[in-house]
Amino acid sequence: MSHTPDTRPGADADADAVDTVPESIAEGVDEDIVEPNRRLYTGWQWILFAVLAIVYSSFHLVSLNVYPMETWSFRIVHIAGALILGYALYAGSRFADSKGTDRSPAWLAWASYALLIPALYALVQVFLMNQTISGGAMRIDPQVETWHFGYPLVAATVGGILLAWSYRQAREKLSPADLVLMVCAVASAGYLLVIFNTPLRASTGTTFAPTGISWAALAGSLLILELTRRVAGLALVTISAIFLAYVWAGPYLPGFLGYPGLSFNRFFSQVYTDTGILGPTTAVSSTYIILFIIFAAFLQASKVGDYFVNFAFAAAGRARGGPAKVAIFASGLMGMINGTSAGNVVSTGSLTIPLMKKVGYPGRSAGAIEAAASTGGQIMPPIMGAGAFIMAEITGIPYTEIAVAALIPAILYFASIYFMVDFEAARKGMRGMRKDEIPQFRRLVKQVYLFAPIIILIAALFMGYSVIRAGTLATASAAVVSWISPNKMGLGAILRALQLAGTMAIQIIAVCACAGLIVGVISLTGVGARFSSLLLGLAGVSQLLALFFAMCISILLGMGMPTTAAYAVAASVVAPGLINIGIQPLVAHFFVFYFAVVSAITPPVALASYAAAGISGDNAMSTSVASFKIGLAAFIVPFMFFYSPAMLMEGSWLQILRVGVTATLGIVLLSATVQAWFFGPVKAWMRLVMFVGALFLIYGGIYTDIVGLAIGAALFLFQRSIHGGGAKPVTSS
């Protein structure tokens, strides 16, 4: 067949446009984000701490798959390793400027080095106590544990923390105060390893418990709190301090908050066990979370994140308001491999927010859309951030069931944001991106095999493999798949991925350990049970009132906190109360999980919105209010878990299908209500009718669905009769 030249007008321009189509517009999405207080070592120090991070990640892979350790010992080493790496990499105060003019005086350094003496003395005592126990002794002399171990350890810990707050030096140097804290972390963990591997472990929480446990736990708790402050801010530390204060203030409080009280030894000898710090949160961080962080690091090393974002641009970039829809798709995809809402905002928002502003979105809307979409990544199956693994650990419900149950709510959430974006784009007359501004879809489809690690993970989970085995297979497949991609992973890239995983894990491990401290307080003081009785009393008046109160507490506990810690605390305080008023465990935990997640976009403290505002350049509070409006569905849907469990796949397939379809239609009406646009402008009275119809459809009952569908159909016909094929935008961009 002969080829006839194209003589159409503009054919040459089309050909030129095809040639100028970018192969990739997302670059650097996978780059490690360096926090302002993270040290940037050079030379031998960089090599030393890189090796430590690689060893730390490798230790978990080996322990989880080849040579398992005793459970408590494994968790103690898990936390201690994060503390050592954390204090090595994250400074306790701002760095000195490049000229060194505001560097701390020399006496602060000498004071820090002086603290090394009691820290090393406590470490030597751990070695001597181990020798004593190995020699057949039943226990250690309390005087030795207190005067030769406890006092020096706590003094060095407190002194090191205080000096680290005021000690400033160059960014590439390790602070001597942090060196002291690293030694204290080793001494505290070393003592606990010695004692918890003897019959004395059974005495925790009793008057017979060795006093050294309390001192080691006190020092360990202080180290965890200080590292949490450095990597996650003051919010979680402040809440932890309030709970710790309650341990001793509780006996003097009136009403349902009062309790008999705990002594120093009884509390601290038990809080660093599986009742608290070594409990469910650390159980999850030491197994599932660390494994999926390693998986994420391997995906980043093979540049899969860049591919995800480019794929989203190719799939959705040309639709009206294209970059906003790209943000939805990209943040959902990145959310599967990124465990924090704010981190997701920074990685994808640095690209999508400027592009949204370019096509006509105000900075406030651009930041709000990215914040809401990135927050949704935490509820996106199959990984769902770390909270889903904690849910599986606490409830005993298989992780695969939780991932399946999350499917309809995740669809509703992202559908809500999509239609919010679409209606706003229609109302403002926004364009999509031009063909020559986005990668060609047919080019990216050729690399669709980069999704293979995610598919292997899902397939392995549903074939019955354990989460650990499935995660390990997915991690290995990420390396193998990279060999047929442009970013092949050799030995150097694999080592860099392990180093990156060790660094990425620090924040989430510190947060989980800190959340474990709060969980320990709740468990040992019984405040959770008293809160449950309060909810039970409210439920006697109205179950809806009890749910509303539970929502407020979940959001309040989660404000300013990472998702993992927010859910862990809410699950300990709120979920038992919901279960006591007759709500199924899966429904109760999903209820608090959703509100713990959306606390990241709830004013006045909205971490994801603040991160987005920093990129968009708009006011942080205005951005958080706008993101709250865009994510409104997430504040309504959890109530429907109670009224319609079919949303969580509880029921027949016919019920699930009906609820899924009608709830999605309800989300469309809800989005139209918020944006005041359906097929054209929507008047105030129509918005009210739309809102009622949306609630009827989301509710999930047969009769309410019929009413909601009738309202939706009437509005559809009314709008079509007025606007025909569509209306002109209210404003033009």
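Keep in mind the model is a prediction, meaning the values are calculated, not measured. (Residues numbered from 1 in each chain as written. Predicted model: local features only at pLDDT ≥ 70, side-chain atom pairs only at ≥ 80, totals over all residues. Heavy atoms only, no water.)

## A short note on a positive patch on the surface
Positive charge collects at one region of the surface, where R318, K435, R442 and K446 lie side by side. Residue position: K446 is located in the loop between α18 (441–445) and α19 (452–462). The class for K446 is exposed, based on a relative accessible area of 63%. (Patch = residues over 30% accessible without salt bridge, like charges linked within 9 Å, V, L, I, M, F, W, Y side chains within 5 Å. Areas by Shrake-Rupley, 256 points an atom, 1.4 Å probe, with all protein chains shown as cover. Salt bridge = Lys/Arg side-chain N within 4 Å of Asp/Glu carboxyl O. Lys, Arg positive; Asp, Glu negative; His and termini not counted. Charge placed at Lys NZ, Arg CZ, Asp CG, Glu CD. Helix = DSSP H or I, 4+ residues; strand = E, 2+ residues; numbered from the N terminus. Buried < 20%, exposed > 50% of the residue type's maximum accessible area, 1.4 Å probe, protein only.)

## Notes on the nonpolar core
One broad trend across soluble globular proteins is that nonpolar side chains are buried collectively. Grouped together as the largest cluster of nonpolar side chains are 258 residues, with contacts concentrated most on Y361, L578 and F590. Of the residues forming this core, the biggest block, 20 residues, is contributed by helix α21 (residues 491–525). Setting aside residues no more than four positions away along its own chain, Y361 makes contact with G321, A324, M356, A366, I369, V421, E424, A425 and M430. (Core = buried A, V, L, I, M, F, W, Y, C linked by side-chain atoms within 4.5 Å. Contact = heavy atoms within 4.5 Å.)

## Details of the packing of helix α13 (residues 341–358) against helix α27 (residues 607–616)
Their axes nearest at 9 Å, the elements α13 and α27 cross at an angle of 35°. Once α13 is placed against α27, the crossing between them reads as right-handed. Listed contacts from α27 to S341, A342, V345, V346, G349, S350, I353 and K357 of α13 are L607, A608, A611, A612, I615 and S616. Here the contact of α13 with α27 is composed, by residue class, of 9 nonpolar, 4 polar and 1 charged. (Axes fitted to C-alpha atoms, helices over the stretch in contact; angles between N-to-C directions. Left-handed = near helix turned anticlockwise from the far one by under 90°. Nonpolar A, V, L, I, M, F, W, Y, C, P; charged D, E, K, R; others polar.)

## Considering the packing of aromatic side chains
Per the stated rule, a full pass over the model turns up 38 aromatic pairs. Summarising the aromatic geometry, the rings of F311 and F441 are spaced 5.4 Å apart at their centres and angled 50° between planes, so their arrangement reads as tilted. One end of the pair, F311, is in helix α11 (residues 304–316); the other, F441, is in helix α18, and 130 residues separate them in sequence. According to the relative accessible area criterion, F441 is partly exposed, its value standing at 39%. Ring centres of F590 and F641 lie 6.2 Å apart, and the angle between their planes is 80°; on these two criteria the pair is classed as edge-to-face. On the criterion of sequence distance, the pair formed by F590 in helix α26 (residues 585–598) and F641 in helix α29 (residues 633–643) is long-range, its members being 51 residues apart. Classification of F590 by relative accessible area gives buried; the value is 0%. Among the aromatic side chains, those forming a connected cluster through ring pairs are W147, Y151, W215, W248, F264, F267 and F268. Positioned above the aromatic ring of W72 is the side chain of R201, whose terminal nitrogen or guanidinium carbon lies 3.8 Å from the ring centre. (Phe/Tyr/Trp six-rings, centres within 6.5 Å; stacked < 30°, edge-to-face > 60°. Lys NZ or Arg CZ within 6 Å of the ring centre and 35° of its normal.)

## Digging into unusual backbone geometry
Phi is mostly negative for residues that are not glycine, and the peptide bonds are mostly trans. A cis amide bond, omega 5°, links P603 with the succeeding residue P604. Looking at the element boundaries, P604 is found in the loop between α26 and α27. With a phi close to 60°, K303 is a non-glycine residue in the positive phi region. Relative to the elements of secondary structure, K303 occurs in the loop between α10 (280–301) and α11.

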